[in-house]
Amino acid sequence: MKVVNSSFKRKKSWIDRKTTENIYSKMDLNVKISELLSTRNRELIKFRNKLRDVLIENDWKLILSNLTCVLNDKLILSDRAFHSIQANPSQIILNFLSSRAVTLKDLYESFEILNIEDGLLLLGKQEEGITIKQKYPLEEIIRIKSGQTIELFCLADSFPKPCYSFYDYNNQLVLENNCLSIRNANSSHSGIYKCVISQTRKNGQVFLENIFFRVQVIADLSESNVLNS
């Protein structure tokens, strides 16, 4: 007859039950940092190390200060604790959070406030595609009087956040921003401009959206010349 020693029975924790796939796709944000420190699961150890790197690379001092607000001052960063972490952040930071019963949910809220994308992605925030929010001007053909300023603007939402690049009428990159301004415009500035909105996903895949602006610089706004396509 097989005898089972009841003293070795214990309720399995979230750390024991989760598979490697679920670690990243269905993160339980109620898990405490102390649970991550005690695990022997190789994938969870990798996750723990990535979390530590996110904290260090994104200014751990700012994150801890923000956590104080998230936790309603339940987390107090004393001078002694601050200097201890500063001396060796890679070794101390997670132990400090563990000693204060910090959860992944607490960190998630702090990452959201500070817009720390790599931290949010690590903790399971879903990626969102590019949504065009604004284009200015809206006219199909933007007519500008010679000597005036050309102003083109585009705006989009996505997660991770988008990047912007403006290309001129020769398809040459002129600006890595979402607002292009050209002063003292003349007829040589006429043409089709393009705002390229790009987003790089966690897996390295890049998504693009293009917004086009037809610009015609004329000597007199009363002229009815139409920009050739």
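The written sequence of each chain sets the order in which its residues are numbered from 1. For a predicted model such as this one, the threshold for reporting local features is a pLDDT of at least 70, and the threshold for listing and counting side-chain atom pairs is 80 or more; totals across whole chains, interfaces and linings nevertheless cover every residue. Derived side-chain values reflect all non-hydrogen atoms in the structure, with water molecules and hydrogen atoms excluded from consideration.

Undergrad: What should I look at first to understand the packing of helix H4 (residues 42–57) against helix H7 (residues 89–99) in this one?
TA: Two quantities define a packed helix pair, namely the angle between the helix axes and the distance between the axes. Contact geometry of H4 with H7 gives a least axis separation of 10 Å together with a crossing angle of 105°. Relative to H7, H4 is oriented roughly perpendicular. In this structure, H4 contributes Arg-48, Leu-51, Arg-52, Leu-55 and Ile-56 to the contact, and H7 contributes Pro-89, Ser-90, Ile-93, Leu-94 and Leu-97. Under the grouping applied here, Gly and all other residues not named as nonpolar or charged are polar, the nonpolar ones being Ala, Val, Leu, Ile, Met, Phe, Trp, Tyr, Cys and Pro and the charged ones Asp, Glu, Lys and Arg. A per-class count over the contact of H4 with H7 returns seven nonpolar, one polar and two charged. Note on geometry: axes are lines fitted to C-alpha atoms, helical ones only across the stretch in contact, with angles between N-to-C directions running from 0 to 180 degrees. Helix and strand definitions follow DSSP, with helices as H or I runs of at least four residues and strands as E runs of at least two, each counted in order from the N terminus. An angle counts as roughly parallel when it lies under 35 degrees, as roughly antiparallel when it exceeds 145, as roughly perpendicular when it falls between 65 and 115, and as oblique in every other case. We call two residues in contact whenever any of their non-hydrogen atoms come within 4.5 Å of each other.

Undergrad: I would appreciate a short explanation of the pairing of strand S3 (residues 150–159) in the present structure.
TA: Remark: a regular strand shows side chains that alternate across the two faces of the sheet. Between any two strands, at least two bridges found by DSSP are needed for them to pair. Of the strand pairs in this sheet, strand S1 (residues 128–136) and S3 are connected by six bridges, and their pairing is antiparallel. Bridge pairing links Thr-131 to Asp-157 in S3. The pairing of S3 with strand S6 (residues 179–182) spans four bridges and is antiparallel. Paired with Leu-152 across the strands is Leu-180, a residue of S6.

Undergrad: Any chance you could explain the environment of Leu-152 here in plain terms?
TA: With respect to the helices and strands, the residue Leu-152 is situated in strand S3. Each residue is placed in one exposure class: buried if its accessible area under a 1.4 Å probe, protein chains only, is under 20% of its type's maximum, exposed if it is over 50%, and partly exposed if it falls in between. Judged by relative accessible area, which is 0%, Leu-152 ranks as buried. Between the C-alpha atom of Leu-152 and that of Phe-212, which follows or precedes it by 60 residues, the distance is 9.9 Å.

Undergrad: Explain the state of the cysteines here, please?
TA: What is meant by a disulfide is a covalent connection between two cysteines, made through their sulfur atoms. Disulfides are defined in this document as cysteine sulfur pairs within 2.5 Å. A complete count under the given rule lists one disulfide for this structure. Shown here is the disulfide that connects Cys-154 with Cys-195, its sulfur atoms set 1.9 Å apart. Its S-S torsion of about 45° marks the bond between Cys-154 and Cys-195 as right-handed, since a negative value means left-handed. Taken as a pair, Cys-154 in strand S3 and Cys-195 in strand S7 (residues 191–200) lie far apart in primary sequence, 41 residues in all. Across this residue pair, the class does not change: Cys-154 and Cys-195 are buried.

Undergrad: Sorry, what's going on with H4 here?
TA: An α-helix turns once every 3.6 residues. As a result, residues three or four positions apart point the same way. With 16 residues, H4 should cover 22 Å at 1.5 Å per step; its first-to-last C-alpha distance of 22 Å lies within 8% of that length. Three or more residues of H4 are buried, namely Leu-44, Phe-47, Arg-48, Leu-51, Val-54 and Leu-55. Down the axis of H4, the sector holding all buried residues measures 120°, keeping them to one side. Opposite the packed face of H4, turned more than 90 degrees from it, sit the exposed residues Arg-42 and Glu-57. Between the side-chain oxygen of the N-cap and the backbone nitrogen of Glu-43 there are 2.9 Å, and the N-cap of H4 in question is Asn-41. Trailing H4 by a residue or two, Asp-59 shows a phi angle of about 70°, which is positive. One fewer than the residue count of a helix, multiplied by 1.5 Å, yields its expected span. By definition, the arc is the one covered by directions from the helix axis to the C-beta atoms. Here a polar contact is taken to be a pair of N or O atoms separated by no more than 3.5 Å, where protein atoms must pair a possible hydrogen donor with a possible acceptor and residues adjacent in sequence count only if both atoms sit in side chains.

Worth remembering: the numbers are spatial, not functional.
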